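Here is what each chain is made of, one letter per residue.
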Amino acid sequence: MVFVGRKNELASLEAQYNSNRFELAIVYGRRRVGKTYLLNHFLAAHEGAYMVGLESGASNNLEALSQAVYRATGMVKTGQLQSTLPAFSTISAALTHLFEYSLNHRVVFIIDEYPYLAESIPSVSSELQALVDAYKDRSQLMLILCGSSMSFMENQVLGHKSPLYGRRTAQYKIKPFTYIEAHQMVPHLSYEDSAIAFGLTGGVAEYLSYFRDGDSLDESIISLFFTPTGRLVDEPSSLLKQELREPRQYNAILSAIAKGASRNNEIATKVDMTTGALNNYLKSLIDLQIIEKIHPVGSTSNKSIYAIKDFMYTFWYRFVEPNQGAIENFNGNLVYTQYVKPMLSHFMGPVFETMAEQYVQARIHCGTVPFLPQEMGHWWGTDSRTRQQVEIDLVALADIQKDPNAGPVRHLLVGECKWKNNPIGLDVLVSLKDKARVLHGEPYYWLFSKRGFGFIEDNERVELIDLPMMYEI
Ligand SMILES: Nc1ncnc2c1ncn2[C@@H]1O[C@H](COP(=O)(O)OP(=O)(O)OP(=O)(O)O)[C@@H](O)[C@H]1O
């Protein structure tokens, strides 16, 4: 299978490797996002070993660690997973052996699922800390600790309460693929279908790898989400069970948000909780990056709302969970064609806005934007002239001061995103220009359309961007 994306991460890992000094890299990110795949790809080009922390007792973990130390230190051939050598007597003995070896050898050592190892042998972080402190100036070890329990990695490995705090030399938060990378995972799909696959999977590598070459988009969606044995039919709820203690409450909260509740009190009413109690749950969901708290771009007002960040959860709570009975007992095919397919365009609205944001990021990267935005996102508020509610899909802004004697000038890039089956007309541009007046600045207007445009515009302040342009950047 082709290796997609992760150019920056690989370049930084390579740079760390080339330092020839002690390095401690922390790699973390949501489940199934591609951490292990990245690390194995990196390790394939270097001397070293990889182990996985086990959700099991201390002796099994010590055995796994010992075998990996034997491989890393050349006592067992790479590729040979198990040796007849007995496990080290303690974790400290195993790790000391590794650090001693690293005094004369550049060696990579990866501990995946580090939280499991640390749960089963709680002293491991302080053992590591002591060894790092004793050897770091002479060792050539490149140690990589990886985990998907975000709260554990963020609080207990990176956080100030961890014995390892301050010892890391780099940290990598592995993110889901962008829509462009997602397309490389499903090159057999058209741009339009690939964008839908990006939305349904939230850009998560493993889920994208389930879309089989010979299957159409509809066939893949039905077999993954709408058949009782489908690989994604239960995925979000089983992830919640792994990460959180009271999955039922979280299920109810996510379901309420996926179906449109966005303000704290609205969600609280839907799930029958006080807003105080709800806040703790919302915080955990933000930590897990399943939801996010957003406010209108450029605004300091407290108009924040909660939104699902991971589109796979939106899709699942809106279309799969409510139909689980029918999928189990009747025909998932019909559920999809009757209830889901007609609503896909609606589901794609916010996905397309995220794609537009990623497109602007890509243009920033290429240096082909009219100005460098300081902030970017969605905007909503009231137009004081008309007292009407206004929403703008995409706003990027920068306050730029060119003259020290005058105030800064607000530069704006305002975007409207239409996932519609017809080319969009001039009326969309006219209405965007009207809405943008509420932001008081100098706007550039970028229109994004799935099916192109029914007009031509020759104006340096306007860009008309269709799907092929978004993919062929
Ligand atoms: N960069 C990539 N290019 C192509 N495919 C990838 C890439 N990253 C991940 N994948 C696919 O996604 C699958 C899952 O990735 P991986 O096991 O690395 O995820 P993970 O983040 O380690 O998951 P977990 O936390 O659940 O262990 C891989 O087996 C592979 O099929």
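Predicted model only: the values in this text are computed from it and were never measured.

1. Some details on the state of the cysteines
For the coordinates displayed, the defined rule picks out 0 disulfides. Of all cysteine sulfurs, the one in Cys417 lies closest to Cys366, which takes part in no disulfide; the gap is 18 Å.

2. Regarding the UniProt feature "domain: DUF234" (unreviewed entry) in the protein
Taking the numbering used here, the UniProt-annotated feature "domain: DUF234" (unreviewed entry) corresponds to residues 316–421. End-to-end, the C-alpha atoms of residues 316–421 are 24 Å apart, and along that stretch the chain is 41% helix and 30% strand.

3. Description of the nonpolar core
Judged by nonpolar contacts, the single largest core of 126 residues is most densely connected at Phe109, Tyr114, Phe226, Phe315 and Phe448. The element contributing the most residues to this core is helix H19 (residues 344–366), with 9 residues. When sequence neighbours within four positions are dropped, the list of residues in contact with Phe315 reads Leu200, Ile221, Phe225, Phe226, Val320, Val340, Leu344 and Phe347. Leu397, Ile424, Val428 and Leu432 belong to the second-largest nonpolar core, a separate cluster that totals 20 residues.

4. Examining the environment of Ser238
Tracing the backbone shows Ser238 in helix H12 (residues 235–243). Residue class for Ser238 comes out partly exposed when judged on its relative accessible area of 23%. As for Ser238 and Glu292, which are separated by 54 residues in sequence, their C-alpha atoms are 21 Å apart.

5. Notes on the packing of H12 against helix H13 (residues 247–258)
Between H12 and H13, whose axes approach to 9 Å, the crossing angle comes to 135 degrees. In terms of orientation, H12 and H13 fall into the oblique class. Taken as a pair, H12 and H13 cross one another with a handedness that is right-handed. Packed against H12, whose contacting residues are Ser237, Leu240 and Lys241, the element H13 presents Pro247, Tyr250, Asn251 and Leu254 at the interface. Tallied by class, residues from the contact of H12 with H13 come to 4 nonpolar, 2 polar and 1 charged.

6. A look at the pattern of salt bridges
Under the criterion given, the structure shown has 16 salt bridges. Close ionic contact of Glu113 with Arg31 constitutes a salt bridge, the shortest N to O distance being 3.3 Å. One end of the pair, Glu113, is in the loop between strand S3 (107–112) and helix H5 (114–120); the other, Arg31, is in the loop between strand S1 (23–28) and helix H2 (35–43), with 82 residues separating them in the sequence. Given the relative accessible area of 13%, Arg31 is considered buried.

Reading the values: rules and limits
- Residues numbered from 1 in each chain as written.
- Predicted model: local features only at pLDDT ≥ 70, side-chain atom pairs only at ≥ 80, totals over all residues.
- Heavy atoms only, no water.
- Disulfide = S-S within 2.5 Å.
- UniProt positions renumbered as here; feature names shortened; annotations may be inferred.
- Helix = DSSP H or I, 4+ residues; strand = E, 2+ residues; numbered from the N terminus.
- Core = buried A, V, L, I, M, F, W, Y, C linked by side-chain atoms within 4.5 Å.
- Buried < 20%, exposed > 50% of the residue type's maximum accessible area, 1.4 Å probe, protein only.
- Contact = heavy atoms within 4.5 Å.
- Axes fitted to C-alpha atoms, helices over the stretch in contact; angles between N-to-C directions.
- Parallel < 35°, antiparallel > 145°, perpendicular 65-115°, else oblique.
- Left-handed = near helix turned anticlockwise from the far one by under 90°.
- Nonpolar A, V, L, I, M, F, W, Y, C, P; charged D, E, K, R; others polar.
- Salt bridge = Lys/Arg side-chain N within 4 Å of Asp/Glu carboxyl O.

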